[in-house]
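Below are the chains, spelled out letter by letter.
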Amino acid sequence: MSERTGGTPPRTLAEALRTRDDDALAALLRTRPDLLSPVPNDLSQLANRAGTRASVMRALERLDRFTLQTAEALAASTDPAPYEALLALMTGDEGDARVESALPRAVAALREQALIWGADDRLRLVRTAREILAPSPGHPSPTGLGPTVAEATAGMSPGRVQEIIATAGLPSTHDPVSAVTALAALFTDRTRMAALLDTAPPDALTVLDRLVWGPPYGEITSKPAPPVQWLRDHGLLLPTSTRTVVLPREAALHLRGGRAHRNAEPDPPAILPHPSASSAASSAVSRPQVVDSAAAAQAYTALETVEELAKEWNEGGPNVLRAGGLSVRDLKRTATALDVTEPVAAFWVELAYGAGLLAADGEADERYAPTPAYDQWPDLPAAERWARLATAWLGATRTPGLVGGQDSKGRTLAALGPDLDRGAAPEVRRHVLDLLASLPEGTAPDPESVLARLRWERPLRGAAAGRPEDLRARIAAWTLNEAEMLGVTGRGALSSHGRALIAPEAVAGGSTGVFPKPASRAATGADLPAAGLHAARVLAPHLPEPLDHVLLQADLTAVAPGPLLRPLAETLSVIADIESRGGATVYRFTPASVRRALDAGQSASDLHAFLAAHSRTPVPQPLSYLIDDMARRHGHLRIGSASAYVRCDDEAVLDEILADRRSQGLRLRRLAPTVLAAQADPTTLLDGLRTMGLAPAAESAEGDVLVTRAHAHRTPPRTPPAPVPDGPPVPAPTLLGAAVRAIRAGDQAATVVRKTLPEPAGSAAPRGGELPRTTSAETLATVQAAALTGSALWIGYVNAEGAASQRVIAPVRVEGGFVTAYDHTADEVRTYPLHRITGVAELADDPA
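Residues numbered from 1 in each chain as written. Predicted model: local features only at pLDDT ≥ 70, side-chain atom pairs only at ≥ 80, totals over all residues. Heavy atoms only, no water.

Enquirer: What's the story with the packing of helix α11 (residues 176-188) against helix α12 (residues 190-198) in this structure? I'm lost.
Expert: Packed helices, taken two at a time, are described by the angle their axes make and the gap between the axes. One way to put it is that α11 packs onto α12 with a least axis distance of 5 Å and a crossing angle of 85 degrees. Taken together, the axes of α11 and α12 are roughly perpendicular relative to one another. Across from A185, L186, F187 and T188 in α11, the residues of α12 making contact are R190, R192, M193 and L196. Taken together, the residues of the contact of α11 with α12 break down into five nonpolar, one polar and two charged. (Axes fitted to C-alpha atoms, helices over the stretch in contact; angles between N-to-C directions. Helix = DSSP H or I, 4+ residues; strand = E, 2+ residues; numbered from the N terminus. Parallel < 35°, antiparallel > 145°, perpendicular 65-115°, else oblique. Contact = heavy atoms within 4.5 Å. Nonpolar A, V, L, I, M, F, W, Y, C, P; charged D, E, K, R; others polar.)

Enquirer: Whenever I open this one, the environment of P400 confuses me. Can you help?
Expert: Along the chain, P400 falls in the loop between α20 (382-395) and α21 (425-437). Judged by its relative accessible area of 9%, P400 is buried. The residues touching P400, leaving out its near neighbours within four places in the chain, are A346, F347, E350, R429 and E482. (Buried < 20%, exposed > 50% of the residue type's maximum accessible area, 1.4 Å probe, protein only.)

Enquirer: Explanation requested: the pattern of salt bridges in the structure shown.
Expert: All chains considered together, the criterion is met by 34 salt bridges. Two residues, E163 and R160, come together in a salt bridge whose shortest N-O distance is 3.3 Å. Placement of both E163 and R160 in helix α10 (residues 158-167) is noted, with a separation of three residues, approximately one turn of the helix. For R160, a relative accessible area of 22% corresponds to the partly exposed category. Connected through shared salt-bridge partners, R62, E427, R458 and R472 make up one network. (Salt bridge = Lys/Arg side-chain N within 4 Å of Asp/Glu carboxyl O.)

Enquirer: Explain the nonpolar core to me, please; I cannot follow it from the model alone.
Expert: The tendency in soluble globular proteins is for nonpolar side chains to be buried side by side. Ranked by size, the top nonpolar core spans 92 residues in total, and within it L29, L46, L60, F187 and L236 carry the most contacts. Beyond its immediate chain neighbours, meaning those up to four positions away, F187 contacts V149, M193, L196, H234, G235, L236, P248, E250, A251 and H254. Core analysis: the second largest hydrophobic core is formed by 72 residues, A299, L338, L439 and A473 among them. (Core = buried A, V, L, I, M, F, W, Y, C linked by side-chain atoms within 4.5 Å.)

Enquirer: Would you take a moment to explain the packing of aromatic side chains for this structure?
Expert: Centre distance and the angle of the planes are the two values used to describe a pair of aromatic rings. Summed over the entire model, instances satisfying the criterion amount to three aromatic pairs. On the basis of an interplanar angle of 75 degrees and a centroid distance of 4.9 Å, the ring pair of Y797 and Y832 is categorised as edge-to-face. On the criterion of sequence distance, the pair formed by Y797 in strand β19 (residues 793-798) and Y832 in strand β22 (residues 828-833) is long-range, its members being 35 residues apart. Taken individually, Y797 and Y832 each receive the classification buried, so the pair is uniform in this respect. (Phe/Tyr/Trp six-rings, centres within 6.5 Å; stacked < 30°, edge-to-face > 60°.)

Enquirer: Can you walk me through the pairing of β19 in this structure?
Expert: Each regular strand shows side chains that alternate between the opposite faces of the sheet. The buried count for β19 comes to five of six residues, which makes it a mostly enclosed element. Pairing geometry for β19 and strand β20 (residues 804-815), over six bridges, is antiparallel. Paired with G796 across the two strands is Q806, which belongs to β20. In sequence, β19 turns back onto β20 through a hairpin of five residues, with G802 there showing a positive phi of about 90 degrees. (Pairing = 2+ DSSP bridges.)

Enquirer: How should I be thinking about helix α29 (residues 604-614) in this particular structure?
Expert: Because each turn of an α-helix spans 3.6 residues, side chains separated by three or four positions in sequence point in the same direction. Listing the buried residues of α29 in full gives A604, L607, F610 and L611. Down the axis of α29, the sector holding all buried residues measures 130 degrees, keeping them to one side. The exposed set on the far side of α29, more than 90 degrees from its buried face, consists of A612 and A613. (Arc of directions from axis to C-beta.)

Enquirer: Explanation requested: the sheet that holds β22 in the structure shown.
Expert: Sheet strands line up and pair through hydrogen bonds in the backbone, either parallel or antiparallel. Read across the sheet, five strands follow the order β22-β21-β20-β19-β23 without closing on themselves; strand pairing throughout is antiparallel. Here the strands that pair on one side only, and so sit at the sheet edges, are β22 and β23 (837-842). Strand-to-strand, the axes of this sheet are offset by a mean angle of 45 degrees, without reference to chain direction. Alignment of β19 against β23, held across five bridges, turns out to be antiparallel. Of the residues in β23, the one forming a bridge with Y797 is I837.

Enquirer: Help me out: how do you make sense of a negative patch on the surface in this one?
Expert: Residues D649, D650, E651 and E656 make up a contiguous surface patch of negative charge. The topology assignment puts E656 in helix α31 (residues 651-659). Looking at E656, the relative accessible area reads 57%, which means it is exposed. (Patch = residues over 30% accessible without salt bridge, like charges linked within 9 Å, V, L, I, M, F, W, Y side chains within 5 Å. Areas by Shrake-Rupley, 256 points an atom, 1.4 Å probe, with all protein chains shown as cover. Lys, Arg positive; Asp, Glu negative; His and termini not counted. Charge placed at Lys NZ, Arg CZ, Asp CG, Glu CD.)

Enquirer: Please clarify how empty space enclosed by the protein should be interpreted in this entry.
Expert: If you roll a probe as big as a water molecule over the atoms, it shows you where there is empty space left. Summed over all chains, the structure comprises three cavities of 30 Å³ or more. Taken as a whole, the largest cavity encloses approximately 100 Å³ of empty space. Lining the largest cavity are F347, E350, L351, G354, A355, A392, W393, A396, R398, P400, R429 and E482. Of all the secondary structure elements, the ones that give two or more residues to the lining of the largest cavity are α18 (342-354) and α20. The element best represented in the lining of the largest cavity is α18, accounting for four residues. In terms of residue class, the lining of the largest cavity is built from seven nonpolar, one polar and four charged. (1 Å grid on protein atoms, 1.4 Å probe; cavity = no way out; pocket = protein on both sides within 12 Å on 5 of 7 lines; lining within 4 Å. Points joined across faces, edges and corners; volume = space filled by probe spheres on them.)

Enquirer: I keep staring at the environment of L435 and nothing clicks. Help me out?
Expert: Tracing the sequence through the fold places L435 in helix α21. Classification of L435 by relative accessible area gives buried; the value is 4%. In this structure, the C-alpha to C-alpha distance between L435 and L454, residues 19 residues apart in sequence, is 9.7 Å. Each residue touching L435, except ones within four places of it in the same chain, is listed here: I271, V450 and R453.

Enquirer: Got a minute to help me understand the confidence of the model for the chain in this structure?
Expert: Any region with low pLDDT has predicted coordinates that should not be read closely. On average, residues of the chain score 84 in pLDDT, and 88% of them are at 70 or above. Taken as a whole, residues 506-526 scores under 50 in pLDDT and shows 24 contacts with residues more than four places along the chain or in a different chain. Considering only residues more than four positions removed or in separate chains, one finds that residues 760-769, a stretch of pLDDT under 50, has five contacts. (pLDDT = per-residue confidence, 0-100.)

Enquirer: Can you help me understand the packing of helix α6 (residues 83-91) against helix α7 (residues 97-112) in this one?
Expert: Here α6 crosses α7 at 125 degrees, and the two axes come no closer than 10 Å. Here α6 is positioned oblique relative to α7, judged by the angle of their axes. Of the two elements, α6 crosses α7, and the hand of that crossing is right-handed. Contact residues: Y83, L86, L87, M90 and T91 in α6; V99, E100, L103, P104 and V107 in α7. Residue classes in the contact of α6 with α7 are distributed as eight nonpolar, one polar and one charged. (Left-handed = near helix turned anticlockwise from the far one by under 90°.)

Enquirer: Mind showing me how you'd approach the side chain of R32 here?
Expert: Along the chain, R32 turns up in the loop between α2 (22-31) and α3 (43-50). Salt bridges are absent for the buried R32, whose nearest opposite-charge side chain, D34, sits at 4.8 Å. Not counting residues up to four positions away in its chain, the partners in contact with R32 are A50, S55, V56, A59, Q113, A114 and L115.

Enquirer: Could you clarify how one ought to interpret the environment of A483 in this entry?
Expert: Position of A483 relative to the elements: it lies in helix α23 (residues 471-486). Sequence-wise, A483 and A295 are 188 residues apart; in three dimensions their C-alpha atoms are separated by 9.3 Å.

Structure (C-alpha cells):
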C-alpha cells in the first residue's frame with residue numbers, strides 16, 4: 001500500500017509519482033483521462049494538474065461510496081495521518097471486520113488515482129480534495145463532523161479560553177495555544193472525557209445527542225438554557241457567532257465511539273430479484289426460454305413500430321421547430337398514429353433518429369423524413385435490423401426520457417431537439433445491463449435494488465446534490481423500461497441476445513446459420529460492431545418466421561397470427577386499416593380502405609384473387625359484397641381540373657349532389673346535364689364528395705382515371721448523431737504507453753543531474769534550473785564528442801516559433817550544421833539545427 005518501500009519519504013505529490021513504475025502511471029492516466037489533455041511535459045506538471053479543483057472533483061465523482069467515505073474520514077483527520085488513525089476513524093472503538101478488510105482496497109484506489117500520497121505512516125490527502133471534503137461552516141461534511149477545537153477557537157479571546165479550561169478542570173496556561181492543545185487533549189482522552197460527561201446534566205447529554213451525527217451547529221438565545229450553558233462553559237459547545245454554537249470535532253468523535261461515519265458501507269448493495277419473481281424450482285429451467293421468447297416478440301414489435309413511424313413520415317413528416325425538434329402537437333399526432341403514449345412515441349422517434357433512419361431534410365421549409373439509409377433497411381434480416389437499433393440505443397447520449405421536461409432556463413425539451421444529450425447515458429445503460437447480467441438467467445431485478453447499487457457506486461453525483469432522484473437514477477429507470485420495449489429484456493429479465501449485446505468477448509468464430517449467405521452477411525453487417533452481430537445471431541432463432549396467410553373473419557377483419565411476409569403486409573395495409581397490434585395483428589376492412597386500394601390501381605378481381613390466395617379461411621360474403629359494392633361505385637363520378645369539375649353519366653346522381661346541403665361549400669353549378677363545375681381544387685372536391693358517402697375518382701386531362709400512389713420523400717444522405725462524451729474518453733493502450741514514455745523523458749530532462757562546467761573568468765554563474773550558455777564552438781565540440789562516445793546530453797532548444805524547451809538527446813551524427821540524435825523526450829530520432837541549440841551539458845549519469 002506504500003508509495004515506496006525504502007529511502008527518503010516523498011515530500012510532494014510529484015516526488016510520490018516519481019516512485020511509481022510505468023504500469024502505475026498508466027493506471028493513473030487510465031482512471032483520470034482528463035490529465036492527458038494535453039500530455040503533461042513532466043511529472044511535476046502531471047502532479048499540478050492532478051491537484052486542480054476540476055480534475056479532483058471529477059475524480060471524486062467517480063468514487064464508490066466506501067472509497068469516498070475513506071477520503072472523507074481522511075479529510076477529517078490530521079495531515080498527515082497514519083493508516084492506523086484512518087482505520088480507527090472508519091471502524092470505531094468496537095471495530096468492524098468488514099471495514100477493516102475493505103479499507104486497504106479503498107486506500108489503494110485513492111492512491112492509484114493520486115488523491116492521496118505518502119507512505120502508510122504519513123497518508124496525505126491532496127490539498128484540493130481536503131478543501132472539498134473537510135468539514136467547514138460553508139460546506140458541511142457528509143460525516144456530520146464540525147471544526148476542530150483549534151479551528152473553532154481561532155477567533156476567541158485568550159481570557160475566554162482560560163475560563164473554559166478552568167471550568168473543565170484543567171490547569172491554566174501562559175498562552176492560548178497551549179490552552180487549546182490541553183482542551184483538545186481532554187476531548188481525545190477517553191477516560192477523562194467520560195469522567196467529564198458523567199458530571200453533565202441529563203438534558204445536556206440530550207443536546208449532544210442531537211448534534212453528534214450532524215449537523216453539528218445549533219442556534220442559541222442570548223440567555224441559553226442551563227444545559228446549553230453548562231456545555232458552553234465546559235467547551236463542549238464553542239461559539240461560531242453571537243447566536244450559533246458548534247460541537248467540536250474531537251468531542252463528537254468521542255461521543256461517536258471514534259467513528260467518522262454512522263454507517264460505513266464497505267460492500268455494494270446486492271441486486272435482488274423482483275419481489276414478484278417466482279422462486280419455484282420447477283420454473284427455473286423454462287424461465288430463460290420464456291424470457292427469450294418474450295424479448296424476441298417485443299424485438300419484432302420494435303421493428304414494426306419503427307417501420308410504421310417511417311411510413312407515417314414517408315411523404316414528409318412534421319416540420320422542424322425554429323429551435324429544433326418536434327412540436328408538442330406533432331408528437332401527439334405521432335403518438336396517435338403509433339397507438340402509444342407520448343413518452344413512448346418520443347422514445348421511438350429518438351431511436352429511429354439515433355439509428356440514422358430519420359433526419360431533417362434541410363430544405364427551406366424543413367421537415368423530418370426518412371433518410372436514404374431507410375431504403376435499404378427493409379431488405380436486411382430482421383435480427384440484423386434489431387441489432388442496429390439496439391447498438392444505436394446502447395451507445396447514444398440522447399436521452400428520450402427528458403422530453404417534456406424543462407432545461408435550466410425553463411424551456412420545454414422537445415423530441416429531436418438539441419438539448420437531449422447527456423454524456424452519462426451510455427455508461428448508465430451499459431452498467432444497468434451488466435447488473436442484470438449478474439443475476440441468474442431469467443431473473444428480473446428489483447428496480448429499487450438497481451438504483452441503490454448505482455447510488456453506492458456514484459454517490460457524489462446524486463445524493464450529495466440533495467436530490468433522491470438524480471439524473472443517473474432517472475436514466476437507470478428509463479433504461480429498464482426502454483430495454484423492455486426494445487426487446488433487450490423480456491419480462492424484466494435480460495435475454496440471451498441482450499447478454500450477447502453487452503459481451504463482445506463472447507463472439508464465436510463460426511456462424512450459427514442465422515443469415516442465409518455468409519457473403520451477404522458480411523456485406524450487410526460490415527458496419528455493425530462484433531457484439532451487435534453476435535446478438536443478431538443469438539436472436540434470430542427466437543424470432544417468429546414470417547407467415548404467408550391471414551385469417552379472414554365475418555366481421556370484416558383479418559387476423560395475422562404472426563408477422564407477415566413483407567409483400568403481403570404491404571398490400572394488406574393498403575386494403576385494410578390496422579386495428580390493433582401485438583402477438584396477432586388485426587386488420588379491418590372499411591369502405592375507405594377498399595377505396596384506397598382501388599385508387600391505387602387495384603381492381604375488384606385483383607382484390608378477390610389476393611384475399612383468396614392468402615386466407616386460410618373462406619372469404620366472408622360481407623367482405624366480397626363490400627369490395628364489389630365499392631368497385632361498382634368507384635369512378636362513377638369523375639373529377640378533373642377546371643377549377644375542378646364533376647362529370648357523371650347518371651344525371652340523377654348530380655341532382656342529388658346539388659340538392660345536398662353538404663355540397664354548398666364546394667360552390668357547384670351545372671354546366672351540362674352530366675357535368676358540374678366547382679370553385680374548389682380537385683383534392684378538396686374529392687374529399688368533400690367522399691364525406692358525403694360517394695366514391696369519386698380523379699381523372700387526367702385525357703379522361704383516364706388517376707392512380708394515386710405514395711410519393712416517398714427522402715432527406716439528403718445523413719449520418720447518425722454522434723454521441724456527446726461525458727468527459728475525455730479512456731485512452732487506448734498505445735496512447736497510454738506513448739504518454740508515459742513522453743512524461744518520463746520530459747521529467748528526466750527537467751530533473752537530470754548535469755556536470756558542472758567551468759565558468760569563464762568574469763562571467764556570472766548560471767542560476768539553478770537554467771541551462772549554462774555555451775558558445776557555438778563549445779556546443780559543436782560537446783555534441784561531436786557525445787556522438788563518438790554514444791553518451792547523452794542535456795540541451796536547450798528553441799524551435800522556429802520561438803518556443804524554448806529542454807531535451808535529453810543521444811547524438812548519432814553531426815554534419816552540415818545539423819545533429820541527428822535520439823530524443824529521449826519525444827522517444828524518436830530527430831534532427832536539430834545546431835544554431836537553435838542554446839546550450840549543452842553532459843549528464844552525470846547516462847540515462848540510456
